[in-house]
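# Close look at the chain arrangement
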Amino acid sequence: MKKILISSVIVSLTLLSTTGCAPKGYAQSTIGESMIVEPGVVQSVRQVQVNNNGVGNTLGSVVGAVAGGVAGNHVGGGSGQAVATVAGTALGGVLGGMAGNNMDNQYGQEIVVKLNSGKTVATVLRVNGAAAMVQPGQAVNVFFSNTGNISNIVPR
């Protein structure tokens, strides 16, 4: 029964560590904030990788090592149990780190827009379930925050 429980915990941790958590929609701080909206046409779009500075790799390695060590400790007895614990810790750390890398690497779109005013702007937006994909030549509205940063680009 313990082995089934531990296996379930390892599978659950692996699933949790491999699912991305990209924010959907606008940040809480932008709710109610007035924005400047300017129309334009998309000039270019390319997929880029957005790195999360290694946070997922470290977290995945630690969680994987702990889970692997606990699982290995429940295998065999005596010196075999000690070997299984060490091997489980090492293997769990490696697998957890690999899963963490998947959390770190997210994707975005680098979008260049020629505004109707003649000015050209560019930004990188995360690709997630809430983001509308845009194509070159597509008419869009560009949302600028009060600080001048691009908050969003959406098709018109």
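The coordinates are above.
Residues numbered from 1 in each chain as written. Predicted model: local features only at pLDDT ≥ 70, side-chain atom pairs only at ≥ 80, totals over all residues. Heavy atoms only, no water.

Another point: the overall build of the protein. Helix and strand content of the protein: three helices and five strands. For the protein, the α and β elements follow one another from N to C terminus as α-β-α-α-β-β-β-β. Looking at the protein as a whole, 28% of its 156 residues are labelled buried. By element, 62% of the accessible surface of the protein is carried by carbon and sulfur atoms, the whole surface being about 9,500 Å². (Helix = DSSP H or I, 4+ residues; strand = E, 2+ residues; numbered from the N terminus. Buried < 20%, exposed > 50% of the residue type's maximum accessible area, 1.4 Å probe, protein only. Areas by Shrake-Rupley, 256 points an atom, 1.4 Å probe, with all protein chains shown as cover.)

The next subject is the sheet that holds strand β1 (residues 36–50). Taken in spatial order, the five strands make up an open sheet running β3-β2-β1-β4-β5, and their pairing is antiparallel. The strands lining the two open edges of the sheet, one partner per strand, are β3 (120–126) and β5 (150–155). Looking at each pair of strands side by side, their axes are set apart by 40° on average, direction ignored. In this sheet, β3 lies alongside strand β2 (residues 106–115) in antiparallel orientation, the contact comprising seven bridges. Directly across from Gln109, in β3, lies its bridge partner Leu125. (Pairing = 2+ DSSP bridges. Axes fitted to C-alpha atoms, helices over the stretch in contact; angles between N-to-C directions.)

For the rest of this paragraph, the subject is the pairing of β3. Of the two faces of β3, only one is covered, namely that formed by Val121, Thr123 and Leu125; the face formed by Thr120, Ala122, Val124 and Arg126 stays uncovered. Here β2 folds back onto β3, and the loop between the two strands holds four residues, one of which, Gly118, carries a positive phi near 100°.

Limitation: the analysis is restricted to geometry and does not speak to function.
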